[in-house]
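Letter by letter, the chains look like this.
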Number of protein chains: 2
Amino acid sequence: MIRIAILGYGNLGRGVETAIKQNSDMELIAVFTRRNPQDLKINSNASVVSVDEIEKWQDKIDVLIICGGSATDLPIQTPKYVKLFNVIDSFDTHAKIPEHFENVNKNALESGKIGIISVGWDPGMFSLNRLYANAILPNGKDYTFWGKGVSQGHSDAIRRIDGVLDAKQYTIPVESALEEVRTGKNPELTTRQKHIRECFVVLKEGVDKQKVEQEIVSMPNYFADYDTTVHFISLEELKKNHSAIPHGGFVLRSGKTSDDVNHIIEYSLKLDSNPEFTSSVLVAYARAAYKLNKENQKGAKTVFDIAPCYLSPKTNEELRKNLL
Amino acid sequence: MIRIAILGYGNLGRGVETAIKQNSDMELIAVFTRRNPQDLKINSNASVVSVDEIEKWQDKIDVLIICGGSATDLPIQTPKYVKLFNVIDSFDTHAKIPEHFENVNKNALESGKIGIISVGWDPGMFSLNRLYANAILPNGKDYTFWGKGVSQGHSDAIRRIDGVLDAKQYTIPVESALEEVRTGKNPELTTRQKHIRECFVVLKEGVDKQKVEQEIVSMPNYFADYDTTVHFISLEELKKNHSAIPHGGFVLRSGKTSDDVNHIIEYSLKLDSNPEFTSSVLVAYARAAYKLNKENQKGAKTVFDIAPCYLSPKTNEELRKNLL
């Protein structure tokens, strides 16, 4: 059994707990929390432990899945805990990945542990598909579409507007743009042509709808470059119809191997729950971290550095026989 | 520069020649042939050499891409030439992959070379996607649809019928079945529900159409389990409208992470030329063979055993910065 621990019990941590139950070669040993352990109710028999005690668990855990946020948690936590454990994170600030990798790598090489960073679906499975498709079709063009799904960042941006009680924002790919890419015409698409944004907003009492709507659609970076629709709804309706966290998207590469010979490679995800799917990817890579460490490998890794067979509970013989 | 040679100059060999021109870190050194080299015209400046001379080229070539057929060529050629070179093949007889792997592995371990087998899109990219999706969603169901594309085996089966001059068979996925899978309902689909078969047949003069049509649609294994349509056309029409070799297909996994929380992972290919795309995958894995051998690795490998970064001409730093 691969002994897993979770650091941080938010949406992602709960998703990891759920995913481990689907993998019979793994068990959840502990959930580490910054909260008072007595106050945390979890959905399994694992121990709930203050993060202050984490050092004592070094011999009881094979892989620590770090479920913190990319903004402030992971840049500190992942380099710190790779000194003690094999770790996985879902660091998703694309621009800071090289720096994060170096920080984790330095400590992982010293401790002899594995640290797999930026695991999930983007970065993660989408990145993998970009890499494979680029290697196969060097003469081509990449397209990524996100959605339909909830953008946490955009929802938060609306919530910060004066007079807004709550909000959910959906990013929606433009179907006709997707279809055009699939024809192999390699269109140049503007931001506005690729995605639309749909917002469901609950206002505080007496607030001017038109003013808030104008503030949303003209917000730079978040909405100004998109066609955005705003719906004002009640808090009850928001809770009833918009409490799920679906997401997904499409990665396409359109490329030629010779004149007029075109190929389309398309990968897509349609996810009922963004955190539960991301967690499932984290758990598969936790298995990889365990196996790599057993082979005495060490250092920081990304999804690019790990052979697919490491993700599976099956032996290489079984994989060749049944999945190849 | 990675120095490549091709063994066998059919559709696949010509595709490899074309693909190498798109990869600036590679050059085609030689084409080995069983024909008289003087009789073979190729589309590049590489040497055309009798396969009887192949041993003399050991120091001039980094990777040999073996472009023979799976039925009789590859089971002999790949174990034989991995004694001399790093090799790649596209062995696609699924049931015999374990045996082929063992044969190649034994000789590769002795020679210290790399032998990557069963490279292409199925087996190959489809297999990879099955593996990743199974590891991420252990509680789910796999679906593979092929087409729209030309099935060489089914076209050959029609050509063997008495009275048939030439024929092309297209395998076509049933769109409504694909759509049902995408809903997450996990349908049980029969062979007939997944694919239809469309045949374009040229008859010899005076042959009975009805008799041939009946023979096609009732042919066991090939057509009897499918809804098959047969069109009789002229040789001119066949050459004009059915000389391309398109193919493609869809690999889907539909899985749950908890009650009522479903996810769909879908990978699809739409290929104008089956051999040119397969060749492009072979060439990407030739790069991997070269890099692995430089690290003193040896033995047989499949796409499951090779970390994605080995396929790319970019450095790991570049990949993390630009594709992750």
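Located above this text is the structure these notes cover.
Computed from a predicted structure; not experimentally measured.

(A) Representation of the nonpolar core within the structure. Counting 162 residues, the largest nonpolar core has Tyr-285 of chain A together with Tyr-285 of chain B as the members making the most contacts within it. If sequence neighbours within four positions are ignored, Tyr-285 of chain B has contacts with Tyr-132 of chain A together with Ile-88, Ile-116, Val-119, Leu-128, Val-303, Ile-306 and Leu-311 of chain B.

(B) The interface of chain A and chain B, seen in detail. Across the contact, 65 residues belong to chain A and 65 residues belong to chain B. Of the roughly 5500 Å² buried between chain A and chain B on both sides combined, carbon and sulfur atoms contribute 62%. Taken together, chain A and chain B are joined by zero salt bridges. Applying the counting criterion to the chain A and chain B interface returns 26 residue pairs in polar contact (both at pLDDT 80 or more). Sorting the residues of the side of chain A that touches chain B by element identifies helix 3 (97–111), helix 4 (125–136), strand 12 (247–258), strand 13 (261–271), helix 10 (274–294) and helix 11 (316–322) of chain A as the ones contributing at least two each. Among the elements that take part in the side of chain A that touches chain B, strand 13 of chain A stands out by supplying eleven residues, more than any other. Among the residues forming the side of chain A that touches chain B, the class breakdown is 32 nonpolar, 20 polar and 13 charged.

(C) Spotlight on the sheet that holds strand 10 (residues 195–203) of chain A. All names here are of chain A. On the basis of which strands lie adjacent, the open sheet formed by four strands has the order 8-9-10-11 and mixed pairing. Every other strand in the sheet has two partners, leaving strand 8 (149–150) and strand 11 (227–232) as the edge strands with one partner each. Sheet topology places strand 9 (residues 164–173) next to strand 10; nine bridges connect them, and they run antiparallel. Each bridged residue has a counterpart across the sheet, and for Val-164 the counterpart in strand 10 is Leu-203.

(D) Spatial organisation of the pattern of salt bridges. In this structure the tally under the stated criterion is 30 salt bridges over all chains. Its salt-bridge partner being Lys-56 of chain B, residue Glu-53 of chain B comes within 3.0 Å of it at the nearest N-O pair. Take Glu-53 of chain B: its relative accessible area is 33%, and that puts it in the partly exposed class. Under the relative-accessibility criterion, Lys-56 of chain B is labelled exposed at 57%. Residue Glu-179 of chain B pairs with Arg-182 of chain B through a salt bridge whose shortest N-O separation is 2.8 Å. With a gap of three residues between them, Glu-179 of chain B and Arg-182 of chain B both fall in helix 6 (residues 175–182), about one helical turn apart. Since its relative accessible area comes to 18%, Arg-182 of chain B is described here as buried. Sharing partners across several salt bridges, the network here consists of Glu-175, Glu-179, Arg-182 and Glu-266 of chain A.

Cut-offs used in this document
Residues numbered from 1 in each chain as written. Chains lettered and ligands numbered in written order. Predicted model: local features only at pLDDT ≥ 70, side-chain atom pairs only at ≥ 80, totals over all residues. Heavy atoms only, no water. Core = buried A, V, L, I, M, F, W, Y, C linked by side-chain atoms within 4.5 Å. Buried < 20%, exposed > 50% of the residue type's maximum accessible area, 1.4 Å probe, protein only. Contact = heavy atoms within 4.5 Å. Buried area = accessible area lost by both parts, 1.4 Å probe. Salt bridge = Lys/Arg side-chain N within 4 Å of Asp/Glu carboxyl O. Polar contact = N/O pair within 3.5 Å; in protein donor to acceptor, adjacent residues only side chain to side chain. Helix = DSSP H or I, 4+ residues; strand = E, 2+ residues; numbered from the N terminus. Nonpolar A, V, L, I, M, F, W, Y, C, P; charged D, E, K, R; others polar. Pairing = 2+ DSSP bridges.

Remember that the coordinates give geometry; whether it matters functionally is a separate question.
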